[in-house]
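Observations on the three-dimensional arrangement
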Amino acid sequence: MTQSNKTINVMLVDDHQTMLWGLTKLIENEKPRMQVVGTARTCEEALIQISTLCPDVILLDLDLDGESALEILPALLLNPTARVLIFTGERQQAVLDLAVFRGARGILRKDASAEQVLKAIEKTAQGEIWLDRETLGRVFSGFMSPQTITKHDPEAERQASLTARELKIIYAVVESSGALNKVLAQRLFISDHTLRNHLTSIYQKLGVGNRLELYIYATKHQLTNPAATGNIRDKAVSAARNSE
């Protein structure tokens, strides 16, 4: 094959097995135009896979079993052949903008048609950008602003890395300040082990050491109710573009 019609190698990263199966079938039916060279369901699996594969396109879901794939996006892009195409159900525009600022080449909604998925993969592999006009305009304006390049709000970026599930846990911690982990887990309808894992992730992202420090941080930064947390990611990208 010539370079122009070389097979496009695709890596799939999604925490839903059914979605992985469907995407694999869709792409494999396009052989020899494109093929799946690897799949992953967690951030850890994705990092292991990228260390041994050379995909042209990584189709990446942003929420991987409660973990934000924004955290691993820069590491995935260390692979010199890879371009990242976000494939997500995320509706927070600020989160999607942040993914682009961190190196993603396009955004594809999970309700996209099969034809759109294949076309987006092909265009991304060819080095094109797959973004709607509104998103492209915002991102382009952000990159053109010297403030975006030289100034950042680290707290806003930390908060933007929190998943929806982690935000709910923070809210529950604030509301149930003195409750034991076991009690808190029951209220959240998750296991004690799962709660501990989420808290560990939250502590690392926010730079706190325990639930007391998390409580103080959350109240200080107004992460105390669903209405307030709903705008966190919007503020993060806005702050990244317009830091004073």
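The paragraphs below set out a description of the structure included in this document. Keep in mind the model is a prediction, meaning the values are calculated, not measured.

1. Here's the deal with the overall build of the protein
Scanning the protein for helices and strands turns up 14 helices and seven strands. Considering only intrachain contacts with a sequence separation of at least 6, the fraction spanning at least 24 residues in the protein is 69%. Carbon and sulfur atoms form 53% of the exposed surface of the protein, whose accessible area is close to 12700 Å².

2. Some thoughts on the pattern of salt bridges
Tallying each qualifying case throughout the model produces 10 salt bridges. In this structure, Arg102 engages Glu71 in a salt bridge whose closest nitrogen and oxygen atoms are separated by 3.8 Å. In this pair, Arg102 sits in the loop between helix H4 (93–101) and strand S7 (106–109) while Glu71 sits in the loop between strand S5 (67–68) and helix H3 (73–76), placing the two residues 31 residues apart along the sequence. Given the relative accessible area of 42%, Glu71 is considered partly exposed. Among the salt bridges present, the one from Lys205 reaches Glu166, with a minimum N-O distance of 2.9 Å. Note that Lys205 is positioned in helix H11 (residues 192–206) and Glu166 in helix H9 (residues 164–175), a separation of 39 residues in sequence. Summarising the burial analysis for this pair, Lys205 and Glu166 share the class buried. Several salt bridges converge on common partners, so that one network encompasses Asp14, Asp61 and Lys110.

3. Overview of the environment of Ala120
Relative to the helices and strands, Ala120 is located in helix H5 (residues 114–125). Those residues in contact with Ala120, other than ones at most four positions away along the chain, are Leu85, Leu108 and Trp130.

4. Some remarks on the pairing of strand S1 (residues 8–13)
In summary, the side chains of a regular strand alternate between the two faces of the sheet. Summarising burial for S1: six of the six residues are buried, a large majority. Where burial is concerned, the two faces of S1 agree: the one with Ile8, Val10 and Leu12 and the one with Asn9, Met11 and Val13 are both buried. With helix H1 (residues 17–28) bridging S1 and its parallel neighbour strand S2 (residues 34–40), the resulting β-α-β unit is right-handed. For S1 and strand S3 (residues 57–60), the ladder comprises four bridges, and the chain directions are parallel. Within the sheet, the bridge partner assigned to Val13 lies in S3 and is Leu60.

Calculation rules
- Sequence positions are assigned chain by chain, starting from 1 and proceeding in written order.
- In view of the model being predicted, local features appear only for residues whose pLDDT reaches at least 70, and side-chain atom pairs are presented and counted only at 80 or more, with totals across whole chains, interfaces and linings using the full set of residues.
- Side-chain metrics in this entry use all non-hydrogen atoms of the structure; hydrogen atoms and water are not considered.
- Only DSSP runs of H or I with at least four residues qualify as helices, and only runs of E with at least two residues qualify as strands; both kinds are numbered from the N terminus onward.
- Contacts are residue-level and defined by heavy atoms, with any inter-residue pair within 4.5 Å sufficient.
- Residue exposure ignores everything except the shown protein chains as possible cover, and the areas themselves are Shrake-Rupley values with a 1.4 Å probe.
- Salt bridges are defined as contacts in which a side-chain nitrogen from Lys or Arg sits within 4 Å of a carboxyl oxygen from Asp or Glu.
- Here the term buried applies to any residue with accessible area under 20% of the maximum for its type, exposed to any over 50%, and partly exposed to those in between, with areas from a 1.4 Å probe on protein chains only.
- Handedness rule for crossovers: strands pointing away from the viewer, path from the first strand over the helix to the second running clockwise, crossover right-handed.
- Paired strands, in this sense, are two strands between which DSSP finds at least two bridges.

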